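Spelled out from the first residue to the last, the chains are:
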Amino acid sequence: MGKRIVIVSGGKLEEDFVLATLNEPESNCVIGVDKGIEFLYHHQIIPNYLVGDFDSIDAEVFQYYREETGVPIREYNPVKDASDTEIAIRLALTLGCKELLIFGATGGRLDHLWGNVQCLSIPLKAGVDARILDRQNEIRLIDHPIVLKKEEAYGPYFSVFSLGSEVPGLEISGAKYPLRNHLLTPYDSLCVSNQFDGDEVAISFRDGIVILMETRDKPEQ
């Protein structure tokens, strides 16, 4: 596995869940994004980079990182053409990441969540494995056939949606609700909340980009 970069953004951050990943040795590069920087501060974590317009962060926290650490800070005008999380994603790509985990991209405002899901198309096009994570959900984009293994699944449920355009020839096998040669459209809810029927699920399609969500009903403790 190549270089892993972890982005800590300003949405919902579940303490034990996020810290478990940040403490893994593979998480050797951390980017703090705006309000998410406060989470790092309160857990005495020095990130590798700080990114954002910093319009929602506590001034004392920002002052600490600016004046008492050597962390590179990339500060932007609040009137800009990209979200703070998108800017962090693009920075991660310039740093050569091969795996990108994004925390704090869910919870709170749904417009922020949807914007973050769309931003996953940036690392997808660069060939980087990027995922949005919280305790109940893992969200990623796929543009090629994939096999999910039950023993490695994030949760017992999975859903697929189209990202932006029609997805022809969608097929799902090994699932409770199999599917053959379906035209998945951006307005289609047919593929919500499917489940494994055996040890593996195969998902394939001829063209397009699919949002894959693996989910749990209840958070794991």
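Residues numbered from 1 in each chain as written. Predicted model: local features only at pLDDT ≥ 70, side-chain atom pairs only at ≥ 80, totals over all residues. Heavy atoms only, no water.

In this section: the overall build of the protein chain. Within the protein chain one finds six helices and 14 strands. By the compact-globule yardstick of 17 Å for 221 residues, the protein chain fits well, its C-alpha radius of gyration being 18 Å. Projected onto its principal axes, the C-alpha coordinates of the protein chain cover approximately 60 × 35 × 30 Å. Per-residue burial for the protein chain yields a buried fraction of 49% across its 221 residues. (Helix = DSSP H or I, 4+ residues; strand = E, 2+ residues; numbered from the N terminus. Rg over C-alpha atoms; globule rule 2.2 N^0.38 Å. Buried < 20%, exposed > 50% of the residue type's maximum accessible area, 1.4 Å probe, protein only.)

Attention now moves to the sheet that holds strand β5 (residues 99-103). Strand order in this open sheet of 10 strands is β4-β3-β2-β1-β5-β6-β7-β14-β9-β12, and the pairing throughout is mixed. This sheet does not close on itself; its edge strands, each paired only once, are β4 (73-75) and β12 (194-195). Bridging between strand β1 (residues 4-8) and strand β2 (residues 29-33) involves four bridges; their strand directions are parallel. The partner of I5 across the bridge, within β2, is C29. Helix-sheet contacts for helix α5 (residues 110-119) involve β6 (129-133), β7 (137-142) and β14 (210-215), and the interaxial angle to β7 is about 40°. (Pairing = 2+ DSSP bridges. Contact = heavy atoms within 4.5 Å. Axes fitted to C-alpha atoms, helices over the stretch in contact; angles between N-to-C directions.)

Per-chain confidence: the protein chain averages 92 in pLDDT, with 96% of residues scoring 70 or above. When pLDDT is averaged over each helix and strand of the protein chain, the minimum, 87, is found for β4 and the maximum, 98, for strand β13 (residues 200-204). (pLDDT = per-residue confidence, 0-100.)

Here we come to the environment of A82. Summarising the element assignment, A82 is placed in the loop between β4 and α4 (84-94). Separated by 39 residues in the primary sequence, A82 and S121 place their C-alpha atoms 14 Å from one another.

Across soluble globular proteins, nonpolar side chains have a tendency to be buried as a group. By size, the foremost hydrophobic cluster in this structure holds 29 residues, and its most contacted members are I7, I31, L100 and I102. Broken down by element, this core gets its largest block of residues, five residues, from α4. Among residues more than four places away in sequence, those in contact with I102 are I7, T85, I89, L120, R131, I132 and L133. Counting residues in each nonpolar core, the second largest holds 22 residues, with L50, Y65, V71 and L133 among its members. (Core = buried A, V, L, I, M, F, W, Y, C linked by side-chain atoms within 4.5 Å.)

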